[in-house]
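As a plain string of letters, each chain reads:
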Amino acid sequence: MLVPVFTLKLHQKIYPRLVTVGKFDGIHPSIAAATTGGKIFIHRPHSHTQTEYTGRMAGGTSGLDLDCVFLNIGQHITSLSAGSLGHDGKDLLFVGTANNLLAYDVENNQDVFHKDVPDGVNAICVGVTARNVEPLVYVGGNCSIQGYDARGEDVFWTVTGDNVLSLMIFDFDSDGENEVNKQTNKQTYE
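Below or above, wherever it landed, is the structure these notes cover.

For the rest of this paragraph, the subject is the sheet that holds strand S6 (residues 77-83). Sheet architecture is open: 4 strands sit in the order S6-S7-S8-S9, paired in antiparallel fashion. The open sheet has two edge strands with one neighbour each: S6 and strand S9 (110-116). Averaged over all pairs of adjacent strands, the angle between strand axes in this sheet comes to 15°, irrespective of strand direction. Pairing between strand S7 (residues 92-97) and strand S8 (residues 100-105): 4 bridges, direction antiparallel.

Laid out in structure tokens, this is it:
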């Protein structure tokens, strides 16, 4: 039987499919979710330091105090994911919009890179595949998948047969090496 460890009242509308968990400090899991008005709600229950927020980030205003912050993206959010592109073990928050990808360092409250993605960002996943030694952030959009490294360089690109709805990295063909797998409007395959 499942028993809740805690209950959190968000007082925010959370959009379906736009929720992720990341270890933004490298140790503790935090929840990030897209809310109304192009904002991302980040619940960090292990961060109990008073911080002066500037830039995209603002402190919570609903009685959740220091555990919650809001990240202002200013655009309609279409995809959200977390993952590590570096060797420091800290996850970055990846935010997709209709024409952009933002890699954001939650712990240091700063943009890592921002890329224009003309095909849009419908899906995001992060990981290592057989083709790349270093982890990449893969972005699926309108008939294409692009891969960006830790510097935001476009190092992978391929055409798909339709709009990419979701992405996942796993060993699809049981050969011991991970592949990027996609689901489109018409089919699922690597």
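Read on, since the account is not over.
To continue, consider a nonpolar patch on the surface. Residues Val 19, Val 21 and Ile 31 make up a contiguous nonpolar surface patch of about 230 Å² in total accessible area. Its location among the elements puts Val 21 in strand S1 (residues 19-22).

Another point: the packing of aromatic side chains. What the rule picks out here adds up to 4 aromatic pairs. Their ring planes at 80° and their centres at 5.5 Å tell us that Tyr 138 and Phe 156 sit as a pair that is edge-to-face. With Tyr 138 in strand S11 (residues 136-140) and Phe 156 in strand S13 (residues 154-170), this pair connects stretches of sequence that are 18 residues apart. Accessibility assignment for this pair places Tyr 138 and Phe 156 in one class, buried. Taking 6.1 Å as the distance between ring centres and 70° as the angle between the ring planes, the aromatic pair formed by Phe 170 and Phe 172 counts as edge-to-face. Here Phe 170 falls in the partly exposed class, since its relative accessible area comes to 31%. Using a relative accessible area of 42% as the deciding quantity, one classes Phe 172 as partly exposed.

Quick notes on the rules
- Residues numbered from 1 in each chain as written.
- Predicted model: local features only at pLDDT ≥ 70, side-chain atom pairs only at ≥ 80, totals over all residues.
- Heavy atoms only, no water.
- Pairing = 2+ DSSP bridges.
- Helix = DSSP H or I, 4+ residues; strand = E, 2+ residues; numbered from the N terminus.
- Axes fitted to C-alpha atoms, helices over the stretch in contact; angles between N-to-C directions.
- Patch = residues over 30% accessible without salt bridge, like charges linked within 9 Å, V, L, I, M, F, W, Y side chains within 5 Å.
- Areas by Shrake-Rupley, 256 points an atom, 1.4 Å probe, with all protein chains shown as cover.
- Salt bridge = Lys/Arg side-chain N within 4 Å of Asp/Glu carboxyl O.
- Phe/Tyr/Trp six-rings, centres within 6.5 Å; stacked < 30°, edge-to-face > 60°.
- Buried < 20%, exposed > 50% of the residue type's maximum accessible area, 1.4 Å probe, protein only.

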